[in-house]
Amino acid sequence: MSKAPLEARFRQKEDSWLKEQKKLMHEINSQKISVNEANGQIRQLELQMSALEEENTQLREDARKVAFTLKTEESGSNTWNRQLQNDRDVAELKDKLRYAEDEIKALRLEKFSVETEVRGTKMEFDSLLKSFDELQADYEELLKSKSQNSEAEIKLKVLTTEHIATAAQLNAVSSDLAATK
């Protein structure tokens, strides 16, 4: 029995396993990079959100101060001009506040989107790890099969040698038998 087909098939499976292993390792590394980038984006968004919340708080405080100033001012013509200026300031601060709140909402949506992407990447990463483990088990099984094939080949060689020796003895006995007849 020839072992060439078995070795060829084994080499073919081993080559395909190595290719698949390289592919999976590359995918795992790219997924790790994606996760790190997503985490960086999340941190950056959290910092932006914190800064906007701080600005929002400051704007609200400024609006309260303006409102308090309006209530405590004296009446008169100068008061009317101040009142108009303060109303404009309050309107401007309210616009800034609305803008800051809109930015906070947008950042929250972006943060949610990035977190969703990270979860998807993590699921894909877990799937790749599972695939890698399965391929590793297949490879170990192939190595075990190769070891068993080697043992079978050794036994086959021993049996072939014994067969040749037995055949030689049988021929010798047959020729002795033929000579005695």
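This text goes with the structure placed above it.
An account of the accompanying structure is given in this report. (Residues numbered from 1 in each chain as written. Predicted model: local features only at pLDDT ≥ 70, side-chain atom pairs only at ≥ 80, totals over all residues. Heavy atoms only, no water.)

## A look at the side chain of E14
And then number 1: Within the fold, E14 resides in helix 1 (residues 4-72).
And then number 2: This buried residue, E14, is left without a salt bridge; K146 holds the nearest opposite charge, at 5.5 Å. (Helix = DSSP H or I, 4+ residues; strand = E, 2+ residues; numbered from the N terminus. Buried < 20%, exposed > 50% of the residue type's maximum accessible area, 1.4 Å probe, protein only. Lys, Arg positive; Asp, Glu negative; His and termini not counted. Salt bridge = Lys/Arg side-chain N within 4 Å of Asp/Glu carboxyl O.)

## Section: the nonpolar core
And then number 1: Grouped together as the largest cluster of nonpolar side chains are nine residues: A38, I42, L45, M49, L52, I104, L107, V114 and V118.
And then number 2: Counting only elements with at least two residues in this core, the list comes to helix 1 and helix 2 (77-180).
And then number 3: Among the elements that take part in this core, helix 1 stands out by supplying five residues, more than any other.
And then number 4: Look past the residues within four positions of V118 in its chain and what remains in contact with it is A38 and I42.
And then number 5: F125, F132, L135 and Y139 belong to the second-largest nonpolar core, a separate cluster that totals eight residues. (Core = buried A, V, L, I, M, F, W, Y, C linked by side-chain atoms within 4.5 Å. Contact = heavy atoms within 4.5 Å.)

## A look at the packing of aromatic side chains
And then number 1: By the definition in use, this model includes one aromatic pair.
And then number 2: Between W17 and Y139, the aromatic rings sit 4.0 Å apart at their centres with planes inclined by 20°, giving stacked as the arrangement. Residue W17 is located in helix 1, and its partner Y139 is located in helix 2; the two are separated by 122 residues in the primary sequence.
And then number 3: Using a relative accessible area of 6% as the deciding quantity, one classes W17 as buried.
And then number 4: A relative accessible area of 17% means that Y139 is categorised as buried. (Phe/Tyr/Trp six-rings, centres within 6.5 Å; stacked < 30°, edge-to-face > 60°.)

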